Structures are given as structure tokens and as C-alpha cells.
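Commentary on secondary and tertiary structure
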Amino acid sequence: MADKTIKIGLVGFGTVGSGVAKILLEDCDYIKAKTGLKLELVKIVDVDTKKERPVKLPAGVLTNDLNSIVNDKDIQIAIELVGGTKIAKDIQLKMLAAGKDVITANKALLAEHGNELYTAAHKADKCIAFEASCAGGIPIISAIRTGLAANKIKAIYGIVNGTCNYILTNMTSKNESFRTALKQAQDKGYAEADPTLDISGGDSAHKLAILSSISFGCEIHPEDIFVEGIENIDIADIRYGHEMGYTLKLLAIGQKTAEGKISLRVHPSFIASENALARVDGPFNAISIFGHAVGHTMFYGRGAGMMPTASAIVADIIEVAMGNSKKLFKHLTLEPRNKDSIAKVDDLMSRFYIRLRVLDKPGTFAQITSILAKHEISLSGVLQHEEQNSNNVVPVIIITHQTQQKKISAALADFEKLEMVKNKPVCIRIVDIPQDGD
Ligand code: NDP
Ligand code: HSE
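Below or above, wherever it landed, is the structure these notes cover. All of these numbers come straight from a predicted model, not from anything done at the bench.

Things to note about the state of the cysteines
Under the criterion given, the structure shown has 0 disulfides. In this model Cys127 remains outside any disulfide bridge; the closest cysteine sulfur is found in Cys134, 17 Å from its own. Assessed through its relative accessible area of 1%, Cys127 is described here as buried. The thiol of Cys134 is unpaired, and the distance to the nearest cysteine sulfur, on Cys218, comes to 15 Å. Overall, the relative accessible area of 0% leaves Cys134 in the buried class.

Printed below as a string of C-alpha cells:
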């Protein structure tokens, strides 16, 4: 069969854009031999055409003129790698209106405005491909949409932010401070332009909105997701958790409840240290998916960075060029957003880790247990180390049995009122990820 030439325009020559250019320029012969597609990077648009980049481009490719892609009828595929939700949205809409298929890694934009963009693409009879938007190089979108198509998805548990996982890993195993680890994640190109999005859990929520939309078949907005980040994590809690058999991860969880609602949350989570997700370290991501037919499947790989993300973008280029993305995209119809179908976090049933700093004196424990009893919370474990300090304050760690979030919130408020409690109580959810066969 004769080779097919595909002309490509790319907007945003930053971390991911550079990786895409590198693959398209250096590996085009290999891709042609494998797929019969001659991928030709015709134009790259970036606001800064003078900056030193890690890839050397042929003359005439780099420009700051977006219209050089918009008005070039031969360019079939436009890749948006600018980021953000305003300019990027205009760029994507312009490209669709100009008759180009769009490829993007922009999870913030798809989570906030996905439905509007998908509608515009359907109207233009074009497609939007977004494999790189979730979990970097892991082909998780394609796994959910095709590989697991036979399944009603019951639950997703994901480590989907490379920056946070890198920070937590380095705090745990290298004793690094939060700030040092974050700076390294930024230097390595894992973090967002504004890293607050990573550490606040916002980026994980964007990815969960996309993953749960395609898994559960309904429109999900980031506002539907309960989010807590890792900004206030204290290394002491990571250590106490470890002692009790738990590893701390920032998890994105999408789960069908027994009542038929969808529970959506991103928060620091203690998981059993023997669970496979607990061994996902550094910038790596992993997603455990439970389907009614397949049971448990787990996907693992590099979740951020130049080349892993570029790998996903180029996979999309090939799928779009072969016509596969368009066929699949036609069936991307999501039920309209329905807030009533989202489970309330107050109703969440979970186990909890609580750390109090209390005065080491008679009666302290009786007061703690009386508050737990008042809120019908049952203790499953307690840890208290002997500690000598001048103010006679010691940490007490409590692990609860399954209980409702609203009962825990009420108990925490009561603890805070006690004179002998000297800190704002620390509370971290313990997530019991089911074993296949459970
Ligand atoms: P970068 O900030 O490294 O790159 C963005 C590039 O776009 C910069 O060179 C920027 O220039 C340029 N730019 C800004 N505004 C415009 C504009 N109006 N027209 C043309 N170019 C513009 O970001 P990343 O490459 O890291 O991320 C790109 C996208 O990929 C984002 O949506 C991000 O969330 C997503 N992503 C990133 C991953 C990663 O590991 N980095 C992984 C998965 C997804 P300047 O720097 O001068 O502003
Ligand atoms: N900032 C993101 C992360 C990039 O750290 O996971 C990949 O989406």
C-alpha cells in the first residue's frame, strides 16, 4: 500500500511540544515503516521564536503566526500544547472551524469545557484526540474506550499526578523537604506552569473528570469532585502511617456506590503498603480499574515529562491519521451533567487516620474515646510513643473502623475544642482498595 503523507501543525513549543517535534523529526522513518504514514511537521507556532529549545528545527518551521496553520489547507492535524483554558480554547475552536482534527494534552481545558469542544468538533465533522491529557505516556484513554469497552466500570483508583507522586516519594524515601522535591519536579518538566494546580489536587481532579466521564458515560465537571491536595502533608504522618502498614499517595477515585451514585474525590490517601499502587514511585503514575467483566486491571508508566507525554501525542497522531480516532470520537456522547447523581462527601464511608497532639496527663485518653463514642466511631488501632519534651505534649494516632465522613468531621471539631488537644487535628482517609475477587 502506498504511503500516506500527513501534514501536522503544532502550537506550543514548550516541554511537551519539544518532545513531539523530536519524535516527528527523528523517528519519522521508523513510524512510516510501521504504519505507512509519512508524518510531516510543517509548522510550529510559539509566542517566543528566539528561545533556546532542545530540538533543532528545519528552517521555516517555527513561527509566531497562528494563521500559518489555520490558513494552510494541507495541514490536517493541529496539536494544541499551549495549556490553560482561554487562549487554548480559542486555538482549538479555530482549528476545528478551519477543518483540522485536533490533538491535545490539555486536561484543564477538557475538564472545564470538554463538552463545548466536543460539540464543536462533532459539528465540524472533525475529532479531538486527548490520550496525553491523562497519565502522560500511559495509554489509559484508549484502554478505557476500546480495550475495556465491554465493561461497566465499577471503580477507578489512580495516581495521576507525577509531580505529587514525585514529591511524596522523595519526602518518604529521601527525607527531602516538600519545597526541595517540588523544585526538582519543576526542573524535570513534570509540573504545570503554575505548580499550585499540581499540589492542590486540581490537576488530578481535571484528569479524574476526564477519566470518569469516559468510564461512566456522563459529563463530569471538576466542581463535582471533592478535592484535597498535599500542601499540608507533614512528614511525621507519612512515618506514622508507615509504621502502621500504610503508604501515603494522592489518589483520584471514581466509584459507583451501592446506591447507584458516583463518588468522585481526590485526596491524600493511606493505602496498604502491600498494594501495588503503594509501590508506584517518583513521576510514575498508575491506574487501577475495576470492570464488571474483566475484574481488576492496572496500568503503569511515566505520568509526566517531555518524552512520555510526546509518546501519547504521537500515538494520537497515528490514530487520527488512520481514521480510527474519528470513528471512536463519533460515539463520544456523554449524558448531560446531573449533580444528583454525584455522591455527597459527607456520606462517604471510610476508615480514617487521625493525629492529635495532646497533653500527657491522666484522663486524656478517656476524653478522646468519649468523643469517639458520642459520634458512634469505633477505634481499630492506636499508637502512642513515649516522648519527652518540656511542654509534656505527645502525639496520639488513632485509626478508626469504617465510619461516615460527617461523623468524623463532627468529632474533629469536638477534639479541637478540648483544652488538652494542642494541634488542629490531622485527618487522612484510609482507602481500602478491593482485591480482585472481593
Ligand atoms: P510549557 O509551558 O512548557 O509549554 C507551553 C508553550 O506554549 C510555551 O513555549 C509557551 O511559551 C507557549 N505559548 C504560550 N502561549 C502561547 C500562544 N498564545 N501561542 C503559542 N504558544 C504559546 O507547557 P507543557 O509543554 O508542559 O504543557 C503543555 C500542555 O500539556 C499543557 O496543557 C499541560 O497541562 C499538558 N501536559 C503537560 C505534561 C508535562 O509533563 N509537562 C504532561 C501532560 C500534559 P512561553 O513559555 O513563552 O509562555
Ligand atoms: N503536571 C502534571 C503531572 C503533568 O505532574 O502529572 C502530567 O499531566
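Observations concerning the sheet that holds strand S4 (residues 75-80)
With parallel pairing, the 6 strands of this open sheet are ordered in space as S3-S2-S1-S4-S5-S6. Looking at strand neighbours, the two that pair on one side only are strand S3 (62-63) and strand S6 (128-129), the edges of this open sheet. Across the sheet, helix H1 (residues 15-26) touches strand S1 (4-11), strand S2 (37-45) and S4, and the angle it forms with S2 is around 145°.

Regarding the site of ligand 2
Surveying the vicinity of ligand 2 reveals 13 residues, the closest of which are Lys107, Thr163, Tyr190, Glu192 and Asp198. In the model, a nitrogen atom of ligand 2 is placed 2.7 Å from a nitrogen or oxygen of the Tyr190 main chain. Glu192 is positioned such that a nitrogen or oxygen atom in its side chain is 2.7 Å from a nitrogen atom of ligand 2. Relative to its free-state accessible area of 250 Å², ligand 2 is covered by the protein chains to the extent of 93%. Elements represented by at least two residues in the shell around ligand 2 include exactly helix H7 (162-173) and helix H10 (202-216). Partitioning the shell around ligand 2 into residue classes produces 4 nonpolar, 4 polar and 5 charged.

Considering the site of ligand 1
Taken together, 24 residues lie near ligand 1, and Thr15, Val16, Asp46, Glu192 and Gly305 sit nearest. Contacts to ligand 1 include Val47, whose backbone N or O atom sits 3.5 Å from a nitrogen atom. Coverage of ligand 1 by the protein chains reaches 79% of its 900 Å² of free accessible surface. Residue composition of the shell around ligand 1, by class: 11 nonpolar, 8 polar and 5 charged.

About the criteria used
- Residues numbered from 1 in each chain as written.
- Chains lettered and ligands numbered in written order.
- Predicted model: local features only at pLDDT ≥ 70, side-chain atom pairs only at ≥ 80, totals over all residues.
- Heavy atoms only, no water.
- Disulfide = S-S within 2.5 Å.
- Buried < 20%, exposed > 50% of the residue type's maximum accessible area, 1.4 Å probe, protein only.
- Pairing = 2+ DSSP bridges.
- Helix = DSSP H or I, 4+ residues; strand = E, 2+ residues; numbered from the N terminus.
- Contact = heavy atoms within 4.5 Å.
- Axes fitted to C-alpha atoms, helices over the stretch in contact; angles between N-to-C directions.
- Near = heavy atom within 4 Å.
- Polar contact = N/O pair within 3.5 Å; in protein donor to acceptor, adjacent residues only side chain to side chain.
- Areas by Shrake-Rupley, 256 points an atom, 1.4 Å probe, with all protein chains shown as cover.
- Nonpolar A, V, L, I, M, F, W, Y, C, P; charged D, E, K, R; others polar.

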